[in-house]
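Structural characterization, general
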Amino acid sequence: MIHSPAYHRTLVWLVIIASLSLILTLKLQLSFDLGAFLPRGGGASNEILLQQLGSGPGSRLMVVGIAGGELAQRQEASRSLQAVLSESPEFVQVLNGEAGPGADAVPEPVRSRYPLMLDLDYSTDSLSRALQNRLQDLALAGSTSLVKLVAADPFLASLDLLQQLAPGSGTDATASNSGEVLWVAADGSTVLLAETRAVGTDLKAQAEAMAEVRAAFMDLPEQAGLNLDITGVGPFGVELQQSIQAEAKLRSILASLAVVLVLLVL
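Residues numbered from 1 in each chain as written. Predicted model: local features only at pLDDT ≥ 70, side-chain atom pairs only at ≥ 80, totals over all residues. Heavy atoms only, no water.

1. Details of helix 3 (residues 71-85)
Between its terminal C-alpha atoms helix 3 stretches 21 Å, which fits the 21 Å expected from 15 residues at 1.5 Å a residue. Buried residues along helix 3 sit against strand 1 (61-67), strand 2 (91-95), strand 3 (190-196), helix 8 (203-218) and strand 4 (227-232). (Helix = DSSP H or I, 4+ residues; strand = E, 2+ residues; numbered from the N terminus. Expected span 1.5 Å × (residues − 1). Contact = heavy atoms within 4.5 Å.)

2. Considering the sheet that holds strand 1
An order of 2-3-1-4 is seen for the 4 strands of this open sheet, with the pairing classed as antiparallel. In this open sheet, the two edge strands, each paired with only one partner strand, are strand 2 and strand 4. Within the sheet, the average angular offset between the axes of one strand and its neighbour, ignoring direction, is 20 degrees. Looking at chain direction, strand 2 and strand 3 are connected through 4 bridges and run antiparallel. Directly across from F91, in strand 3, lies its bridge partner T196. This element, helix 8, spans strand 1, strand 2, strand 3 and strand 4 of the sheet and lies at about 160 degrees to strand 4. (Pairing = 2+ DSSP bridges. Axes fitted to C-alpha atoms, helices over the stretch in contact; angles between N-to-C directions.)

3. Side note on the side chain of S78
Mapped onto the secondary structure, S78 falls in helix 3. For S78, the contacting residues outside a window of four places in its chain are I66, N96, L182, T190 and L192.

4. Quick look at the packing of helix 8 against helix 9 (residues 233-265)
Running from N to C, helix 8 and helix 9 point in directions that differ by 105 degrees, and their axes come no closer than 9 Å. As far as their axial angle goes, helix 9 and helix 8 are roughly perpendicular. Two secondary-structure elements touch here, helix 8 through L203, Q206, A207 and M210 and helix 9 through G234, P235, G237, V238 and Q241. Looking at the contact of helix 8 with helix 9, its residues break down into 5 nonpolar, 4 polar and no charged. (Parallel < 35°, antiparallel > 145°, perpendicular 65-115°, else oblique. Nonpolar A, V, L, I, M, F, W, Y, C, P; charged D, E, K, R; others polar.)

5. Quick notes on the nonpolar core
Among the nonpolar cores identified, the biggest contains 20 residues, and M62, L81, L85, F91 and V213 are the most heavily contacted of them. Contributions of two or more residues to this core are made by strand 1, helix 3, strand 2, strand 3 and helix 8. Examining the composition of this core, we find that 6 residues originate from one element, helix 8, more than from any other. Setting aside residues no more than four positions away along its own chain, V213 makes contact with M62, V64, L81, L85, F91, L228 and I230. Counting 5 residues, the second largest nonpolar core, distinct from the first, contains L146, L149, V150 and L156. (Core = buried A, V, L, I, M, F, W, Y, C linked by side-chain atoms within 4.5 Å. Buried < 20%, exposed > 50% of the residue type's maximum accessible area, 1.4 Å probe, protein only.)

6. A few points about the side chain of S126
Among the secondary structure elements, S126 is positioned in helix 5 (residues 124-141). Discounting chain neighbours no more than four positions away, the residues touching S126 are D121 and F155.

7. A look at the confidence of the model for the protein
Residues of the protein with pLDDT of at least 70 account for 68%, and the chain-wide mean is 75. Confidence, expressed as mean pLDDT per element, reaches its minimum in the protein at helix 2 (residues 44-55) with 62 and its maximum at helix 8 with 90. (pLDDT = per-residue confidence, 0-100.)

Okay, structure coming up:
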């Protein structure tokens, strides 16, 4: 047996390194904030962009593409997937070619008389909160029709009233009609827009939503031969998190093995 002082010192260092490596693996907290990739000090416009990237309406959008197979098969799969995801509590709404709400889509009796049909709070605080929410909506989806609608109805109460009056209402998600033209990308893939309840920076909730989309797609009877692709701020953050974690673990293991090898040689 070896009882030299150098041997004992090396053994002590190996125990210390192994302990520190274990602590680093269990306690290391990594940041996956997408805002870290954007330049700082860009003024108010940059701050608004960072805010919208983290918690704005655009951060909740998940783009789901279906490729492969025939066009009719892809369209049928997109309708079925929309119907399944519309029932999920993970999503606010799932769009599949439907036009967004606009001022022209609100009938005149509802647009002009909605204050008489609903009990609305017109206090200063309530109006301030409503305008702040509309400012976030307009930041990423400031179409002319939406601007007109917000100017006439900052609460968007007319849309809520239309939903209550619509037959078969009771869900936040929009159902697809088989007779409507569905979204098709330039490469022929059908496209769904799914709005998650969780913000894009809530990576755990975004990962759960992505897993639900994949599970629902795999359960479709018409999915054979088709490919699913998911993108958006949330999915990109989830993939970034997984890549960073895998890379950090690999580099930590290699660095620890290199240090142990050097100590053993010494």
